[in-house]
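Given next are the chains, with one letter for each unit.
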Amino acid sequence: MQYEEFILLRSFAEDKSCKTTDAFNLGKLYFKRGEYSPALYFFSSAAETSVDFLLSYECLMMISLCLRGQGNKEISRMNAIDGAIELYPLRPEAHYLKSRCYLENGMYDDCLTCIKNSYNNSWYMGPDFRNGRHDQTVLISWNISYFGHSHYQFVKGMAHYYKGENESALECFNEISNVAVTDLPLEDYNMFSEIYKKISGK
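Residues numbered from 1 in each chain as written. Predicted model: local features only at pLDDT ≥ 70, side-chain atom pairs only at ≥ 80, totals over all residues. Heavy atoms only, no water.

A. Looking closely at the packing of helix H2 (residues 19-32) against helix H4 (residues 53-69). Viewed as axis vectors pointing N to C, H2 and H4 meet at an angle of 30 degrees, and their least axial separation amounts to 11 Å. With respect to each other, H2 and H4 are oriented roughly parallel. With respect to the hand of their crossing, H2 and H4 are arranged in left-handed fashion. Contacts from Thr20, Phe24 and Phe31 of H2 reach H4 at Leu55, Glu58, Cys59, Met62, Leu65 and Cys66. (Axes fitted to C-alpha atoms, helices over the stretch in contact; angles between N-to-C directions. Helix = DSSP H or I, 4+ residues; strand = E, 2+ residues; numbered from the N terminus. Parallel < 35°, antiparallel > 145°, perpendicular 65-115°, else oblique. Left-handed = near helix turned anticlockwise from the far one by under 90°. Contact = heavy atoms within 4.5 Å.)

So this is what it looks like as structure tokens:
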């Protein structure tokens, strides 16, 4: 057991005034280590006790990512994401996660609808958010990849590709071909690179 983990666990057990914050921080610690079961427990605890809607919003999305780490669990993931959307329907992050869930489950039309909602909602957050420069209006502890235009085009392009709409997919991928390597997480970039070569002939 690491020292940070020990301190947080002791505080979580003994200090009721910090219970929600400690639970959230423990969730982040375990999630970062890929220990999704304890992360899920602590994010759920934080979501249940928090009086901060923004913290609850983030907890619900982190719960969905923990469930993904445990092996998809589509219905439970969707329930968590929908709960987040109910709290902040005009924020883009939960819509983005929902589009990813649809993409992973072969529901490509629903994916395209959600990613459009996500991108449209990013306009409510201002230009810094859309361009990936997250300021104080965005979740301070953000763990979820959402950097605006590149992610939007990647998910949109993947959905079109899986629908067999290669021209539409190529149009999306061409827009981010010069920035994908820096903007996308490694797993997404590897997928982008493979498919982009396939459909562009480059």
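Structure's up, so let's keep going.
B. View of the nonpolar core. Counting 52 residues, the largest nonpolar core has Phe43, Phe154, Phe173 and Phe192 as its most contacted members. Broken down by element, the residue count for this core peaks at ten residues, all from H4. When neighbours within four sequence positions are excluded, Phe154 is seen to be in contact with Arg100, Phe173, Ile176, Leu184, Asp188, Met191 and Phe192. (Core = buried A, V, L, I, M, F, W, Y, C linked by side-chain atoms within 4.5 Å. Buried < 20%, exposed > 50% of the residue type's maximum accessible area, 1.4 Å probe, protein only.)

C. Representation of the environment of Ser168 in the model. Assignment of secondary structure puts Ser168 in helix H10 (residues 166-176). Separated by eleven residues in sequence, Ser168 and Gly157 have C-alpha atoms that sit 6.9 Å apart.

D. Quick peek at the pattern of salt bridges. Within the structure shown, the criterion is met by eight salt bridges. The residue Asp82 makes a salt bridge to Lys98 at a minimum N-O spacing of 2.8 Å. With Asp82 in helix H5 (residues 74-87) and Lys98 in helix H6 (residues 93-104), the pair connects residues that are 16 residues apart, well separated along the chain. A relative accessible area of 15% places Lys98 in the buried class. For Asp188, the salt bridge identified is with Arg100, shortest N-O distance 2.8 Å. Taken together, the residues Asp188 in helix H12 (residues 186-200) and Arg100 in helix H6 connect sequence positions 88 residues apart. With respect to class, Asp188 is no different from Arg100; both count as buried. (Salt bridge = Lys/Arg side-chain N within 4 Å of Asp/Glu carboxyl O.)

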